[in-house]
Amino acid sequence: MELTPKDKIITGYKATDVNMCCRGFQFELGKWYEHEGELSMCESGFHFCSQPSGPWAYYDAGRLFKVEAQEVMLSGGPGADVKHVAKRIRLIKEIEIDRNWNTGHRNTGHGNTGDRNTGHGNQGDYHSGCLNFGAAK
């Protein structure tokens, strides 16, 4: 995998514990952090997801933040839980989440991203059922 250019900013979402700590690393809102050493998916670097419900595939409690990242190794594939790894990252905004880990508006169920979803793990708008992605037909 290749890194995105140093000056390109990729946005995404990252979860932390209630104290803004992730795997022993303490974050502050608005501050840039740089990883020293090699990047390796699931092993080394600052990890984040493309979709706001993605981090809940890896964490079961905590806080959720919108992030900006640079020098990113992008992963591909479908699903809200697709994650990327970055050399530089900063938390730019805390995202309010409901007790079911939904983001967006008028969602019911668990882990939905977008608006007016019913069910679990839907990404996009107006989905019913489980694990639906993209535009509703």
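Sequence positions are assigned chain by chain, starting from 1 and proceeding in written order. In view of the model being predicted, local features appear only for residues whose pLDDT reaches at least 70, and side-chain atom pairs are presented and counted only at 80 or more, with totals across whole chains, interfaces and linings using the full set of residues. Where side-chain values are given, they derive from all heavy atoms of the structure, hydrogens and water being excluded.

Draft legend 1. Up close: the nonpolar core. F27, F48, A69, V72, I89 and L91 are the most contacted members of the largest nonpolar core, which totals 14 residues. Here a strand is any run of E in DSSP of at least two residues, a helix any run of H or I of at least four, and the numbering for each starts at the N terminus. Taken together, the elements giving at least two residues each to this core come down to strand 5 (46-49), strand 6 (63-73) and strand 7 (83-95). Looking at which element gives the most residues to this core, the answer is strand 6, with four residues. Counting five residues, the second largest nonpolar core, distinct from the first, contains Y13, W56, L64 and I95. For our purposes a nonpolar core is just a set of buried Ala, Val, Leu, Ile, Met, Phe, Trp, Tyr and Cys residues, chained together by side-chain atoms within 4.5 Å. Buried, partly exposed and exposed residues are distinguished by accessible area as a fraction of the type maximum, computed with a 1.4 Å probe on protein chains only: under 20%, between the cut-offs, and over 50%, respectively.

Draft legend 2. A look at unusual backbone geometry. Backbone geometry at M20 places phi at a positive 65°, although glycine is not the residue there. Tracing the backbone through its elements, the reader meets M20 in the loop between strand 1 (10-16) and strand 2 (21-22). With phi around 50°, R23 is a residue other than glycine that occupies positive phi space.

Draft legend 3. Focus on the packing of aromatic side chains. Any pair of Phe, Tyr and Trp rings, taking the six-membered ring for Trp, is counted once the centres come within 6.5 Å. Such a pair is stacked with planes under 30 degrees apart, edge-to-face with planes over 60 apart, and tilted for the rest. Overall, the coordinates contain five aromatic pairs when judged by the stated rule. Measuring from ring centre to ring centre gives 4.9 Å for F25 and F27, while their planes differ by 55°; the resulting arrangement is tilted. For F25, a relative accessible area of 32% gives the class partly exposed. Judged by its relative accessible area of 2%, F27 is buried. On the basis of an interplanar angle of 85° and a centroid distance of 5.3 Å, the ring pair of F27 and Y33 is categorised as edge-to-face. Put simply, the rings of F25, F27, Y33 and F46 pair up and form one aromatic cluster. Definition used: whenever NZ (Lys) or CZ (Arg) falls within 6 Å of the ring centre and also within 35 degrees of the ring normal, the charge is taken to sit over that ring. Positioned above the aromatic ring of W32, the side-chain terminus of R88 is 4.4 Å from the ring centre.

Draft legend 4. Focus on the pattern of salt bridges. A carboxyl oxygen of Asp or Glu within 4 Å of a side-chain nitrogen of Lys or Arg is what we treat as a salt bridge. If you walk through the whole model with that rule in mind, you get three salt bridges. Here R88 ties to E34 by a salt bridge, and the two come within 3.9 Å at their closest N and O atoms. Remark: E34 occurs in strand 4 (residues 33-34) and R88 occurs in strand 7; sequence separation between them is 54 residues. Under the relative-accessibility criterion, E34 is labelled partly exposed at 44%.

From the geometry alone we can't say anything about function, so treat these as descriptive.
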